[in-house]
Amino acid sequence: MRLLVVEDEKKMAGFLKKGLMEAGYSVDHAATGASAESLAAENLYDCIVLDVMLPDQTGFDTATNLRREGYAGPILFLSALSSTRDKVHGLDSGGDDYLTKPFSFDELLARVRALMRRKTDQQSSLIRFADLEMDLVKRKVKRGTRDLALTAKEFSLLEYFMRNPNKPLSRTSIAEHVWDVHFDSDSNVIDVYVNMLRKKITLKEEKRLIHTIVGVGYVLREE
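Everything numeric in this text was worked out from a predicted model, so none of it was measured. (Residues numbered from 1 in each chain as written. Predicted model: local features only at pLDDT ≥ 70, side-chain atom pairs only at ≥ 80, totals over all residues. Heavy atoms only, no water.)

A. Seen up close, helix H2 (residues 33–42). Within H2, burial applies to Gly33, Ala36, Glu37, Leu39 and Ala40. Down the axis of H2, the smallest arc covering the buried residues is 165°, so these residues share one side. In H2, the exposed positions that point more than 90 degrees away from the buried face belong to Ala41 and Glu42. In this fold, the buried residues of H2 make contact with strand S1 (2–6), strand S2 (26–30) and helix H3 (59–68). (Buried < 20%, exposed > 50% of the residue type's maximum accessible area, 1.4 Å probe, protein only. Helix = DSSP H or I, 4+ residues; strand = E, 2+ residues; numbered from the N terminus. Arc of directions from axis to C-beta. Contact = heavy atoms within 4.5 Å.)

Structure (structure tokens):
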């Protein structure tokens, strides 16, 4: 899944981006509220992690503008401001959650997962489709009783399929949710990764779950 981190402090931004990417997310970064709004207008983000103290405007203003411009995904505020008044202001300006600094990175990940579950109406950290089971906390995938060894990008790709079962997904939508802003739209990397994922989740005796839709893209469905 694809996240936008809005943080002007370089060390913190690098820490957040590195940790979230290691957790399997595709991550873009913005250092100002205005650049965050510009990126959100051009790309689809599954969640935005938004610092409150930005150099050009507050994160509260940024969230208000993002909502006004049509962003409907979850927004998680990060801030050293810990008063009840600040938290209420953040939630009223369009935020879905508010995490005060300093924080545990494990808690940040848990809150992102919770927001993603809320977005997709899921009540647990397990996603299931057919005989596939994905554990978002342990970062493990099984098909039946067989454990699947997936790379971080393959895990993200399968997660996007499993969050959108039976729905045709274009290469553009896959790129927007699984790859970052530097993705080369002229490359065949999506087809390569889908083929690698197919081979890992489907043995000869098993039914194929990821199907090609000519002229459209791919779909996760049972035959």
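This is not the end of the story, as more comes after the structure.
B. Here's a closer look at the packing of aromatic side chains. Under the defined criterion, the tally for this structure stands at four aromatic pairs. Residues Phe60 and Phe77 carry aromatic rings whose centres are separated by 5.3 Å and whose planes lie at 70° to one another, so their mutual orientation is edge-to-face. Here the residue Phe60 occupies a position in helix H3, and Phe77 occupies one in strand S4 (residues 75–79), the gap between them amounting to 17 residues. Here Phe60 matches Phe77 in class, with each residue buried. On the numbers, 6.1 Å between centres and 45° between planes, the contact of Phe77 with Tyr98 is tilted. A residue pair is termed long-range when its members are at least 10 positions apart, and Phe77 in strand S4 and Tyr98 in strand S5 (residues 97–100) qualify at 21 residues. Clustering of aromatic rings is evident, with ring pairs tying together Phe60, Phe77 and Tyr98. Its guanidinium or amino end placed over the ring of Trp179, Lys153 lies 5.1 Å from that ring's centre, counting from NZ or CZ. (Phe/Tyr/Trp six-rings, centres within 6.5 Å; stacked < 30°, edge-to-face > 60°. Lys NZ or Arg CZ within 6 Å of the ring centre and 35° of its normal.)

C. Expanded view of the nonpolar core. In terms of nonpolar packing, the biggest core is built from 46 residues, with Tyr25, Leu108, Phe161 and Ile174 touching the most fellow members. When neighbours within four sequence positions are excluded, Ile174 is seen to be in contact with Leu157, Tyr160, Phe161, Leu169, Trp179, Ile190 and Tyr218. Formed by 18 residues, the second largest nonpolar core is a distinct cluster that contains Ala40, Tyr45, Ile48 and Phe60. (Core = buried A, V, L, I, M, F, W, Y, C linked by side-chain atoms within 4.5 Å.)

D. The side chain of Asp46, seen in detail. Positionally, Asp46 belongs in the loop between H2 and strand S3 (47–51). Contact partners of Asp46, with chain neighbours within four places excluded, come to Met1, Arg2, Tyr71, Pro74, Met116, Lys119 and His177.

E. Region of interest: the packing of H2 against H3. Close contact between H2 and H3 brings their axes to 10 Å; oriented N to C, the two are set at 20°. Between H2 and H3, the angle is such that the two are roughly parallel. Regarding H2 and H3, the two cross each other, and that crossing is right-handed. Side by side, H2 and H3 meet where Gly33, Ala36, Glu37 and Ala40 of the first sit next to Thr62, Asn65 and Leu66 of the second. Residues belonging to the contact of H2 with H3 are distributed by class as follows: three nonpolar, three polar and one charged. (Axes fitted to C-alpha atoms, helices over the stretch in contact; angles between N-to-C directions. Parallel < 35°, antiparallel > 145°, perpendicular 65-115°, else oblique. Left-handed = near helix turned anticlockwise from the far one by under 90°. Nonpolar A, V, L, I, M, F, W, Y, C, P; charged D, E, K, R; others polar.)

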